[in-house]
Amino acid sequence: MGEAVRIGLVTSVGRTLDGFFPQIVSRLSSQGFVVTSASGSHSDLPDWTPLAGFTQRPSPALVSAVRALRAWSRTHQHDVVVTNTATASAIVRLAGLSAPVVYFCHGLHWGRESDPRALPWRIVERGLLRRTAGVITINSDDQAWFERHHAPHVHRLPGGVGVPLADFPRSAVPDAAELRLVWIGDFTPRKRPEQALAVVEHLVGAGVPVTLRMLGDGPLIDTVREQIRARGLADVVRADGRASAAAALAEASALLHTATWEGLPRVALEAAAVGRWTYGFDVKGLRDAPLVRLAPDGDAAALARRIADDVAAGTVRSVPDVRDRLGVDAAADGIAAALLDVLGRPAPASAGPVLPDAG
């Protein structure tokens, strides 16, 4: 690779760095890249720097945030800066850094481009493309949007940020009398947890023995718990709050996912690693997950029929092994290849799966 490439990695908050990037940074470092990171709140990543004024939402501290960002990048003499999360990506691209900026997009903030609520986001993102040297994205819808609007150096990681496979070992689908579904996510309007109840209601009505365990927290959890009682589902559905996703997936027959849109849902990748199908709606992001069974968006009855048919056919227990596509190393190698493409340098022989700009 020649002289080491100095990469800066910036997110709004430290928990994003800690949640997605430790193994990626370790892999890049082992390949000779020099990676330094920064965010507005604490991170445990090595070579991390706090940035004054960086928050998850725009704030009056923007001037100090830009000043801190410029000083940090100048100190580390970055060859390229990778930015992730909406607010951070906007600040970094507007800051006028001397290093090229690559936007690692975990999901453009809309499900359907035709949704009028997406118009402000689309306007902002189109303006920021003029200050973007490259894009790494994780679903086909966002990739197509960036390419349609002539973003430079668009790459897609088909396995997203990857799954720490040691934490999600593959296991056999439980040999249980009932179908054991698990729903894992935030109890928010975008995740539509009430749709999971509707699916189970249809399955019960069709005579399919089923249970549903819901994991997570959020503003709708009390509403969902009340709906469980009101719909007469207390014997088959429980909302347990937060718990281990790996253990829950190992105990489940399949994952139920009901969001309006996603970047590329990490939980669906984790389910695939464990060896479970994900059942959900045909929406942005989820349709690109490796092991999904889909129904038209919002049609809980159709999704329940899809699940019931798969139970009857035995498909729910017959799950291909796709773990070789899901590891964090593959994600890190794809990121490396994308960054070297932006810099005009050859990719290393270890470069993993990455889908290049179709243009």
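Scoring rules and cut-offs
- Residues numbered from 1 in each chain as written.
- Predicted model: local features only at pLDDT ≥ 70, side-chain atom pairs only at ≥ 80, totals over all residues.
- Heavy atoms only, no water.
- 1 Å grid on protein atoms, 1.4 Å probe; cavity = no way out; pocket = protein on both sides within 12 Å on 5 of 7 lines; lining within 4 Å.
- Points joined across faces, edges and corners; volume = space filled by probe spheres on them.
- Nonpolar A, V, L, I, M, F, W, Y, C, P; charged D, E, K, R; others polar.
- Core = buried A, V, L, I, M, F, W, Y, C linked by side-chain atoms within 4.5 Å.
- Buried < 20%, exposed > 50% of the residue type's maximum accessible area, 1.4 Å probe, protein only.
- Helix = DSSP H or I, 4+ residues; strand = E, 2+ residues; numbered from the N terminus.
- Contact = heavy atoms within 4.5 Å.
- Pairing = 2+ DSSP bridges.
- Right-handed = clockwise from strand over helix to strand, strands pointing away.
- Arc of directions from axis to C-beta.
- Phe/Tyr/Trp six-rings, centres within 6.5 Å; stacked < 30°, edge-to-face > 60°.
- Lys NZ or Arg CZ within 6 Å of the ring centre and 35° of its normal.

J.: Where do I start with the layout of surface pockets in this structure?
T.: With a probe scaled to a water molecule rolled over the atoms, the places where space remains empty come into view. By volume, the second largest pocket is sized at about 420 Å³. Lining the second largest pocket are 17 residues, and of these Trp-110, Gly-111, Asp-115, Arg-117 and Trp-261 lie nearest its centre. Per-class residue counts for the lining of the second largest pocket are 5 nonpolar, 3 polar and 9 charged.

J.: Before we go on, may I ask you to explain the nonpolar core in this structure?
T.: One broad trend across soluble globular proteins is that nonpolar side chains are buried collectively. By size, the foremost hydrophobic cluster in this structure holds 89 residues, and its most contacted members are Ile-7, Phe-104, Leu-203, Leu-212, Met-214 and Leu-256. A total of 8 residues in this core trace back to one element, the largest contributor, which is helix H12 (residues 328-343). With residues up to four places along the chain from it excluded, the contact list for Leu-203 reads Leu-179, Leu-181, Val-208, Val-210, Ala-304, Ile-307 and Ala-308. In terms of nonpolar packing, the next biggest core, distinct from the first, is built from 16 residues, Leu-51, Val-66, Trp-72 and Val-81 among them.

J.: Please explain unusual backbone geometry as it appears in this structure.
T.: With the exception of glycine, the majority of residues adopt a negative phi angle, and the majority of peptide bonds are in the trans configuration. Even without a glycine there, the phi angle at Asp-47 is positive, about 55°. Position of Asp-47 among the secondary structure elements: in the loop between strand S2 (34-39) and strand S3 (48-50). Residue classification places Asp-47 among the exposed residues on the basis of a relative accessible area of 54%. In this structure, Thr-85 takes a positive phi of about 80° despite not being glycine.

J.: What is the right way to read the pairing of strand S10 (residues 237-241) from this model?
T.: Along a regular strand, successive side chains alternate from one face of the sheet to the other. Inspection of the sheet shows strand S9 (residues 210-215) paired to S10 by 4 bridges, in the parallel sense. In the strand pairing of S10, Leu-212 is matched with Val-237.

J.: Where do I start with the pairing of S9 in this structure?
T.: Sheet analysis places strand S8 (residues 179-184) next to S9, joined by 6 bridges and oriented parallel. Considered in S9, the bridge of Leu-181 is made with Leu-212. The parallel pair S8 and S9, bridged by helix H7 (residues 193-205), forms a crossover whose chirality is right-handed. Crossover handedness for the path S9 to helix H8 (residues 221-230) to S10: right-handed.

J.: Where do I start with helix H6 (residues 140-148) in this structure?
T.: Within an α-helix, residues lying three or four positions from one another point in the same direction, as the helix has 3.6 residues per turn. Every buried residue of H6 is accounted for by Asp-142, Gln-143, Trp-145 and Phe-146. On an axial view of H6, the arc spanned by its buried residues comes to 160°, and they lie on one face. With its phi angle positive at about 60°, His-150 sits one or two positions after the end of H6.

J.: Is there a simple way to explain the packing of aromatic side chains in this structure?
T.: The relative placement of two aromatic rings is captured by the distance of their centres and the angle of their planes. Across all of its chains, the model carries 5 aromatic pairs by this definition. By way of ring pairs, the aromatic residues Tyr-103, Trp-110, Trp-145 and Phe-146 are connected into one cluster. Over the ring of Tyr-103 we find Arg-93, and its NZ or CZ is 4.1 Å from the ring centre. Stacked on the ring of Trp-277, the Lys or Arg Arg-293 has its end atom at 5.4 Å from the ring centre.

J.: What exactly am I supposed to notice about the environment of Val-135 here?
T.: Tracing the sequence through the fold places Val-135 in strand S6 (residues 134-137). In this structure the C-alpha to C-alpha distance between Val-135 and Leu-97, which are 38 residues apart in sequence, comes to 17 Å. Apart from the residues within four sequence positions on either side, Val-135 is in contact with Val-102, Tyr-103, Phe-146, Ala-151, Pro-152, His-153, Val-154 and His-155.

J.: When you look at empty space enclosed by the protein in this model, what are you seeing that I'm missing?
T.: One pass over the structure, following the stated rule, counts 2 cavities of 30 Å³ or more. What the largest cavity holds in volume is close to 70 Å³. What lines the largest cavity is Ile-7, Leu-9, Phe-21, Ile-24, Val-25, Leu-28, Val-35, Val-82, Phe-104, Ile-335 and Leu-339. In terms of residue count, the dominant contributor to the lining of the largest cavity is helix H2 (residues 22-30) (3 residues). The residue makeup of the lining of the largest cavity, split by class, is 11 nonpolar, no polar and no charged. Here the second largest cavity is characterised by a volume of approximately 40 Å³. Forming the walls of the second largest cavity are Trp-183, Ile-184, Gly-185, Lys-191, Leu-256, His-257, Thr-258 and Ala-259. Broken down by secondary-structure element, the contributors of at least two residues to the lining of the second largest cavity are S8 and strand S11 (254-257). Looking at the lining of the second largest cavity, its residues break down into 4 nonpolar, 3 polar and 1 charged.

By themselves, these observations are geometric and do not establish any function.
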